[in-house]
Amino acid sequence: MKCAEAGNMSNGRFCHLLRGAWLLWQAVFVAGAGSKLWEVPTASFTSSSNLSESLQWAPHCQYRHLQDRVRITADIPPRLDGTWVSTRCEVRPGPEFLTRSYTFHPSRHFQALQHYYTDSSCEDPAYTLMIRGKLRLRQASWITRGGTEAEHHLSKVGIMVHSLVAKQRLASRLPPTCVGLTLGRVAPGKLYELYNTRAGRGCLAALGFSMMEMGLVRVETQHHNNGGKIQELFLGDINTDWTQRTQYRPTGYQQPLQNAMHHIHPCPVCALVYRSSEQRPPVLPRSSAASLSLAGRWVSQHCETRPTVLFLTRDFTFDPDQHAWEGIYRHYSDPACSQPTFTLRASGHYAQGNPSAKVSGATEFVFKVTKVRVTAVEEPTAKLLNGTRPGKCGRAGGWKVGVEQDLTPTDGCTVLGIKLPHKEYELFKTELDHKKHPLLFIGERPTDGSSPDRPQRRPTSFQAPMVLCGGGETQPSHRYETGFNSKQVQLVANGTERLAQLVFLVFGSVLCSLFCVY
């Protein structure tokens, strides 16, 4: 029930072509702008060697007061040394349920523990993978602004099964060679080598295992007014298509890990995961129960990143009595969400279904989009939309910067790929955070840009959680405060190049990322 709902998402091949055009343009543009390793479009300098960006983030929530504002910085290249842990039971497409503990050393070597579970609460451990390898940070990403591209090499992957039932389930997934050579001799509580540099690659592929997530890295630091800080490690997103995940090179992020020394408080999950080992997987406490009530207004906690160069914030309002919803998607050209490009406002109705059979605690929904309005925030967007044929995308020639256009009379917008009305099958879940505040998890969008327009395409994993702002507001209003405390990087030499950059950032995001990705 995201922006993609507003459009017809069957045009996947066109989206892939547009992605290709975007990548080609980025390569040409960056090559022309400079050849230094970190000289790519990014935020701002704080020193001669590191790039940093900062954002004053203050969603106008009922329980967030002025003293709760935080400043977020991100250094490029990131500093990875230390141990990073999960803060909750993570849900990956499939679904898979896991917790992670990754340790990076100054020597560039890393050790990762991935604990897999049979349940969505991470209370019943199935098996643990112990991964060793080496990571080399390469350059600031040409594709995902604010991220760093990296290259990893695995040296060893071990598996420890925690029960006979888990061993039997693994045997049904692995090819006969793996079952005979590995699982046949594996006993619960005993570590067995599943992969080394000489053999075992096929066994990893059969598990759907890949560390391609390390191909894209970002570290954010939240600076609180009380002097405390929280550090988060964002690694590349996992492809929602099981057959593609081992080869997929990420352009978005998973839910972050937090630094074991600088994490949220209280965080009992952090401590359990930090103290875990392959012999002793963490058994998480039962999460605080939160009845599924959508009433009120929910907003993004931070600037969010989606695959294929898209940065946005989400702002949803639900009216259970009328079964009505409205979603506001504010799009930006930078990972600090300080440079707006366009805003989309979608609305319609929804129906609550049955509890999910795949993800315990989640609920199935069906959403229908009946109305979409778009506001161009920059002149290039308005010009592009004014070039559409009459009757195909709002009022012909009527697009102006800052003026909202209703696309309902034209049944959407062909150039944006929006077709109205539109229906999608969703998955929702609510939890309480470490401060007992409600969180809303909404289904993750397919990586390939397809639409969950039928029940079998319903998501099995989630996007970043949103926070509840209050139940009494009927007209959403979002207040952001952004500030950069150092000089902006400007790599574009003249106005013509700047216009080209804006066209691709805005038009490329509109056509592909909005309606093809999430």
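Read on for an overview of the structure. (Residues numbered from 1 in each chain as written. Predicted model: local features only at pLDDT ≥ 70, side-chain atom pairs only at ≥ 80, totals over all residues. Heavy atoms only, no water.)

The number of helices and strands found in the protein chain is seven helices and 25 strands. Within the protein chain, buried positions represent 56% of all 518 residues. Of the contacts made within the protein chain by residues no fewer than 6 positions apart, 65% connect residues no fewer than 24 positions apart. Carbon and sulfur atoms make up 52% of the accessible area of the protein chain, which totals about 22000 Å². (Helix = DSSP H or I, 4+ residues; strand = E, 2+ residues; numbered from the N terminus. Buried < 20%, exposed > 50% of the residue type's maximum accessible area, 1.4 Å probe, protein only. Contact = heavy atoms within 4.5 Å. Areas by Shrake-Rupley, 256 points an atom, 1.4 Å probe, with all protein chains shown as cover.)

Moving on to the layout of surface pockets. Of the voids in this model, the second largest pocket is the one considered here, and its volume is about 470 Å³. Lining the second largest pocket are 25 residues, and of these Thr-240, Arg-457, Arg-458, Pro-459 and Thr-460 lie nearest its centre. Along the lines of polarity and charge, the residues of the lining of the second largest pocket split into seven nonpolar, ten polar and eight charged. (1 Å grid on protein atoms, 1.4 Å probe; cavity = no way out; pocket = protein on both sides within 12 Å on 5 of 7 lines; lining within 4 Å. Points joined across faces, edges and corners; volume = space filled by probe spheres on them. Nonpolar A, V, L, I, M, F, W, Y, C, P; charged D, E, K, R; others polar.)

Moving on, we come to the environment of Gln-279. Position of Gln-279 relative to the elements: it lies in the loop between helix H5 (268–274) and strand S14 (296–300). When the C-alpha positions of Gln-279 and Leu-191 are compared, they lie 8.1 Å apart, and in sequence the two are 88 residues distant. Polar side-chain contacts of Gln-279 include one of 3.2 Å to the side chain of Ser-277. (Polar contact = N/O pair within 3.5 Å; in protein donor to acceptor, adjacent residues only side chain to side chain.)

Summed over all chains, the structure comprises 15 aromatic pairs. Seen in terms of ring centroids, Phe-318 and Phe-428 are 6.2 Å apart; in terms of plane orientation they differ by 80°. Their pairing is edge-to-face. In this pair, Phe-318 is assigned in strand S16 (residues 310–319) and Phe-428 in strand S23 (residues 422–432), connecting sequence segments 110 residues apart. When its relative accessible area of 4% is taken as the criterion, Phe-318 is described as buried. Looking at Phe-428, the relative accessible area reads 0%, which means it is buried. Between Trp-325 and Phe-367 the ring centres are 5.9 Å apart and the planes differ by 80°, which places this aromatic pair in the edge-to-face class. Here Trp-325, found in strand S17 (residues 324–332), pairs with Phe-367, found in strand S19 (residues 363–376); they are 42 residues apart in sequence, far enough to count as distant. By relative accessible area, which is 3% here, Trp-325 ends up buried. Exposure remark for Phe-367: the relative accessible area of 0% places this residue in the buried category. An aromatic cluster is defined as three or more aromatic residues linked by ring pairs; in this entry it consists of Phe-316, Phe-318, Trp-325, Tyr-329, Tyr-350, Phe-365, Phe-367 and Phe-428. (Phe/Tyr/Trp six-rings, centres within 6.5 Å; stacked < 30°, edge-to-face > 60°.)

Take the pattern of salt bridges next. Following the criterion strictly, the structure yields 24 salt bridges and no others. Its salt-bridge partner being Asp-75, residue Arg-79 comes within 2.5 Å of it at the nearest N-O pair. Residue Glu-424 is joined to Arg-445 by a salt bridge in which the shortest nitrogen-to-oxygen separation is 2.6 Å. Note that Glu-424 is positioned in strand S23 and Arg-445 in the loop between strand S24 (438–442) and strand S25 (466–470), a separation of 21 residues in sequence. Here Glu-424 matches Arg-445 in class, with each residue buried. Each of Glu-90, Arg-92, Arg-100 and Glu-213 takes part in salt bridges that share partners, so that together they form one network. (Salt bridge = Lys/Arg side-chain N within 4 Å of Asp/Glu carboxyl O.)

Our focus in this paragraph is a positive patch on the surface. Together, Arg-108, Lys-134, Arg-136, Arg-138 and Arg-249 give the surface a local cluster of positive charge. Here Arg-108 lies in the loop between strand S6 (96–104) and strand S7 (109–117). Looking at Arg-108, the relative accessible area reads 42%, which means it is partly exposed. (Patch = residues over 30% accessible without salt bridge, like charges linked within 9 Å, V, L, I, M, F, W, Y side chains within 5 Å. Lys, Arg positive; Asp, Glu negative; His and termini not counted. Charge placed at Lys NZ, Arg CZ, Asp CG, Glu CD.)

Looking at the secondary structure, you find Arg-88 in the loop between strand S4 (82–85) and strand S5 (90–92). Non-local contacts of Arg-88, meaning those with residues more than four positions away in its chain, are made with Leu-98, Thr-99, Val-269, Leu-284, Glu-431, Leu-439, Phe-441 and Pro-465.

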